[in-house]
Amino acid sequence: MTYHNPPTTPRKSATFDDYTLSEIRRAAQTGIYDIRGAGAKRKLPHFDDLLFLGASMSRYPLEGYRERCSTAVTLGTRYAKKPIELKTPITIAGMSFGALSGNAKEALGRGATLAGTSTTTGDGGMTPEERGHSEKLVYQYLPSRYGMNPDDLRRADAIELVVGQGAKPGGGGMLLGQKISDRVAEMRTLPKGIDQRSSCRHPDWTGPDDLEIKILELREITDWEKPIYIKVGGARPYYDVALAVKAGADVVVVDGMQGGTAATQEVFIEHVGQPTLACIRPAVQALQDLGMHRKVQLIVSGGIRNGADVAKALALGADAVAVGTAALVALGDNDPALEDEYRKLGTTAGAYDDWHEGRDPAGITTQNPELAQRLDPVRAGRRLANYLKVMTLELQTIARAAGHNHVHNLEPEDLCALTLEAAAMARVPLAGTSWIPGQGNF
Amino acid sequence: MRSIDLAKTPLRELNQGLHALKDGTNETEWEVLNPRGQHAIAAGVDAPVNVNIRGAVGYYCAGMNKQATVVVHGSSGPGTAENMMSGQVIVKGDASQYAGATGRGGMLVIEGNASSRCGISMKGIDIIVRGNIGHMSAFMAQTGNLVVLGDAGDALGDSIYEAKLYVRGSVKSLGADCIEKEMRPEHHEALSALLKKAGVDGVKTSEFKRYGSSRKLYNFNIDNADAY
Ligand SMILES: Cc1cc2nc3c(=O)[nH]c(=O)nc-3n(C[C@H](O)[C@H](O)[C@H](O)COP(=O)(O)O)c2cc1C
């Protein structure tokens, strides 16, 4: 007592912070690891650590609203007879029916269609509503193969062969019992109410040589019409992209560790995979080394939030991006207007991530009919379209300011970095210097 | 009868021709010569036709088959009839890994042996193997029937859901959550129908044992963590 007189301020540990302590208590009480939705929540080097330089003496800008700055992108030009043409390079990422309600899937299709872009199915198959409301629908080919069939394969506009996801490179899907409704169970051919852990590896191929044959089979079944994407989590982007090209991909999707998920172990989300920012240059480098940059298109995802993020991803060499979490927020996820209900669930708007529990007050990550019908797919679709259009305008604003008449003309030379980490990862100079850490001898 | 010689005709032409067939076509008899281990032969057919393949095939023969009867007069590579929807696929020789993987319907008959992971993730297909099957067969099998007249390798039915496994010979070991189950009258009946459909006679259903899920791992419980 005498040692603390006068008293010192109670001090909490930076190592054992409140969250860490609560997690130890939670684990001790329940005996199960924490499962949650959304992506990595820790602070990571990200697009915010980059800035555009803008036009100046050596480059002239384009007039906003008057001089054209195209955002059109074509995906799947390598082998597919019918490549996908999009009005904007911002696509909707694959999110499963099962993880999301039927209304949410419909809203994603409506929003994407209004904005002239594509949306994607997910682990659990294609629903007629989703196909019906999506002008351009990418059909995922996943390890679980839930609902997989040749008719949907042929109904799709492109096929995305999922090898991994940024939130959990090396992990399979999870859908807990609460969300396995009759319809979800039937689509997945599983008993109702079980905790469903889908496989992490494909059942009928193992390495890139087998994958090449698998892709041949999918092309044969669809008569070489559909673009075939390969999606990988941000693990070893240089080699993963090179091997995807070798296996015959038309498009490669690289999803960094901030990428969202419907349900994954917290330890996986926060500790496996590389940040999105760190994945892009190695991925682009692989394409360039193979002479395939712009021939095999690169889609980047994981933490894309606004037009500036899109512009930065494109400047680093991506052809397009995909959004998951942000699209759900546009539909109404984590809306402060629902604060009372989030409180009842022991959380707060902006932090709600128990998407696996199926109790989403916004009616998005649920299979409960009463909650699901809260989401009006027409209105929510409109909101998503607005959001996608705003991002596209922001992207154009930046591209014009940098003097480009097509968003694909954005380049690393348009950028500088605010931190050493971001400079090294994005391979652009630290602001105010010509120093790119890791390039050359230092 | 249409006869396609893959030594002279590209695979693409064969498959495109098969895909162009509509219900009610009279071009119902097809023969494929010199397959020479090519992959994805007769993949994605959706018409009630007979395809006889004279020789050995590579990966994914008759993949996603619907309605057709495809007979391989030889052995087949990995992923034979993967994700089959309906119809029948018959392999006169042996089949490599993942035969009938994720199959959703129809019947796959393997007259020789099947390698590892036969019936992996099966979702409704019926698979009949006259010989033996390799390790990890029926891994995560969801529904459908796997009938084996010979022996099964290690870890049969690991993490199985509701598929039914009937094995006449020995089982080297069972995988997590897979147990032997009683053969009740309805199982004798179902098995008898499967054997008949596959053209197998001279074996009694009483010679088989049935295996399936003990359903202990359906919902997560920390005390089961050692089982994985
Ligand atoms: C609710 C939800 C469900 C998802 N389901 C799938 C899926 O079925 N298949 C898949 O490949 N990725 C799935 N993902 C990951 C997304 O496709 C995408 O990689 C990720 O959301 C991108 O990162 P972002 O959320 O930061 O935009 C899902 C993501 C979310 C948020």
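Everything numeric in this text was worked out from a predicted model, so none of it was measured. All residue numbers here refer to positions counted from 1 along the written sequence of the relevant chain. Whichever chain is written first is A, and whichever ligand is written first is 1; the rest continue in order. Totals for whole chains, interfaces and linings use every residue, but because this is a predicted model, local features are given only for residues with pLDDT of at least 70 and side-chain atom pairs only at 80 or more, for both listing and counting. For side-chain calculations, the full set of non-hydrogen atoms in the structure is used, while hydrogens and water are omitted.

Some words on the overall build of chain A
On a plain count of helices and strands, chain A comes out with 15 helices and 16 strands. By principal-axis analysis of the C-alpha atoms, chain A measures approximately 65 × 65 × 45 Å. Residue burial in chain A is summarised as follows: out of 442 residues, 57% are buried. The contact rule is simple, with two residues in contact once any of their heavy atoms fall within 4.5 Å. Taking the intrachain contacts of chain A between residues at least 6 apart in sequence as the baseline, contacts between residues at least 24 apart amount to 67%. Summed over all atoms, the accessible surface of chain A reaches about 18500 Å², with 54% contributed by carbon and sulfur. Secondary structure elements are taken from DSSP: a helix is a run of H or I of four residues or more, a strand is a run of E of two residues or more, and numbering for both begins at the N terminus. Exposed residues in this analysis have more than 50% of their type's maximum accessible area, buried residues have under 20%, and partly exposed residues fall in between, with area computed by a 1.4 Å probe over protein chains only. Residue burial considers only the protein chains on display, and all accessible areas are found by Shrake-Rupley using a 1.4 Å probe.

Things to note about the domain arrangement of chain B
In terms of domain boundaries, chain B breaks down into domain 1 (1-86) and domain 2 (113-228). Put simply, the middle of domain 1 of chain B and the middle of domain 2 of chain B, counted by C-alpha atoms, are 28 Å apart. An automatic or database domain assignment provides the domain bounds reported here.

Concerning the environment of I53 of chain B
Residue and element names in this part refer to chain B. Tracing the backbone shows I53 in strand β3 (residues 50-54). For the pair I53 and K209, spaced 156 residues apart in the sequence, the C-alpha separation amounts to 34 Å. Sequence-distant contacts of I53, defined by excluding residues within four places in its chain, comprise V32, P35, I41, C61, V70, V71, V72 and H73.

Things to note about the site of the ligand
Residue and element names in this part refer to chain A. Throughout this document, a residue counts as near a molecule or strand when at least one of its heavy atoms sits within 4 Å of that molecule or strand. Around the ligand lies a shell of 25 residues, among which G94, D255, G303, G324 and T325 are the nearest. Each polar contact in these results corresponds to two N or O atoms within 3.5 Å; when the atoms are within protein, one needs to be able to donate a hydrogen and the other to accept it, and residues that are neighboring in sequence are counted only if both atoms are side-chain atoms. One of the side-chain nitrogen or oxygen atoms of Q165 is found 3.3 Å away from a nitrogen atom of the ligand. In this structure, K231 approaches the ligand through a side-chain N or O atom, which is 2.8 Å from an oxygen atom. Coverage of the ligand by the protein chains reaches 97% of its 610 Å² of free accessible surface. As a working rule, the residues Ala, Val, Leu, Ile, Met, Phe, Trp, Tyr, Cys and Pro are called nonpolar, Asp, Glu, Lys and Arg charged, and the rest polar, with Gly in that last group. Partitioned by chemical class, the residues of the shell around the ligand number 8 nonpolar, 14 polar and 3 charged.

Regarding the packing of helix α10 (residues 307-315) of chain A against helix α14 (residues 377-401) of chain A
All names here are of chain A. Axis lines are fitted through C-alpha atoms, for helices just across the contact stretch, and the angle between N-to-C directions can take any value from 0 to 180 degrees. At a minimum axis separation of 7 Å, α10 and α14 run at an interaxial angle of 55°. One element, α10, and the other, α14, form an angle in the oblique class. Seen from above, α10 lies across α14 with right-handed handedness. Contact residues: α10 offers G307, A308, V310, A311 and L314, while α14 offers M391, E394, L395 and I398. Its residues placed into classes, the contact of α10 with α14 shows 7 nonpolar, 1 polar and 1 charged. Convention used here: angles under 35 degrees read as roughly parallel, angles over 145 as roughly antiparallel, angles from 65 to 115 as roughly perpendicular, and any remaining angle as oblique. Each crossing gets its handedness from the near helix: less than a right angle anticlockwise from the far helix is left-handed, clockwise is right-handed.

A look at α14 of chain A
Residues three or four positions apart in an α-helix share a direction because the helix packs 3.6 residues into each turn. All names here are of chain A. Expected helix span is computed as 1.5 Å times (number of residues minus one). For α14, with 25 residues, the first-to-last C-alpha span of 36 Å sits near the 36 Å given by 1.5 Å per residue. Where α14 begins, the side chain of D376 points an oxygen toward the backbone nitrogen of V378, at a separation of 2.9 Å. Positive phi shows up at G403, right after α14, with a value of about 85°.

What about the interface of chain B and chain A?
If you look at the interface, chain B gives 36 residues, while chain A gives 41 residues. Between chain B and chain A the total buried area reaches about 3200 Å² when both faces are included, carbon and sulfur atoms providing 54% of it. Contact with chain A buries surface across chain B, with Y60, M64 and F220 of chain B losing the most and accounting together for 19% of the total. In the sections that follow, a salt bridge refers to a side-chain nitrogen of Lys or Arg positioned within 4 Å of a carboxyl oxygen of Asp or Glu. In this structure, E82 of chain B and K214 of chain A form a salt bridge, with 3.4 Å as the shortest nitrogen-oxygen distance. Top contributing element to the side of chain B that touches chain A by residue count: helix α1 (residues 11-19) of chain B, with 5 residues. Class assignment for the residues of the side of chain B that touches chain A results in 17 nonpolar, 11 polar and 8 charged. By convention, the term buried area covers the 1.4 Å-probe accessible surface removed from two parts as they join, with the contributions of both added.

As for the pattern of salt bridges
Using the criterion set out here, one finds 44 salt bridges over all chains in the structure. The salt bridge involving R168 of chain B is made with E207 of chain B; its shortest N-O contact spans 2.5 Å. Here R168 of chain B is found in the loop between β9 (164-167) and β10 (178-181), whereas its partner E207 of chain B is found in the loop between α2 (185-197) and β11 (209-213), with 39 residues between them in sequence. Judged by its relative accessible area of 30%, E207 of chain B falls in the partly exposed class. One network of salt bridges, in which partners are shared, links R36, K41, R42, E266, E270 and D353 of chain A.

Describing the nonpolar core
In this structure, L50, I92, L331 and L384 of chain A are the most contacted members of the largest nonpolar core, which totals 95 residues. By residue number, the principal contributor to this core is α14 of chain A, which donates 8 residues. In this structure, L50 of chain A is in contact with L277, K312, L316, L415, C416, A417, A422, A426 and V428 of chain A, ignoring residues within four places of it in sequence. Buried Ala, Val, Leu, Ile, Met, Phe, Trp, Tyr and Cys residues that are joined via side-chain atoms within 4.5 Å together make up what is termed a nonpolar core. Of all hydrophobic cores here, the second largest spans 48 residues; its members include L18, A81, I125 and I160 of chain B.

Some thoughts on the sheet that holds strand β6 (residues 119-120) of chain A
Strand pairs in the sheet, formed through backbone hydrogen bonds, run parallel or antiparallel to each other. All names here are of chain A. Only strands joined by at least two bridges in the DSSP assignment are considered to pair. Ordered in space as β5-β15-β14-β12-β11-β8-β7-β6, the 8 strands form an open sheet in which the pairing is parallel. Strands with a single pairing partner mark the edges of an open sheet, and in this sheet they are β5 (90-92) and β6. Sheet analysis places β5 next to strand β15 (residues 320-323), joined by 3 bridges and oriented parallel. Note on β15: the bridge partner recorded for I90 is V321.

Details of unusual backbone geometry
Residue and element names in this part refer to chain B. If you check the backbone angles, M64 has positive phi at about 55° while not being a glycine. Along the chain, M64 falls in the loop between β3 and β4 (69-72). Phi at M136 is positive, roughly 55°, even though this residue is not glycine. The residue M136 is located in the loop between β7 (123-129) and β8 (143-148) in this model. With relative accessibility at 19%, the residue M136 sits in the buried group.

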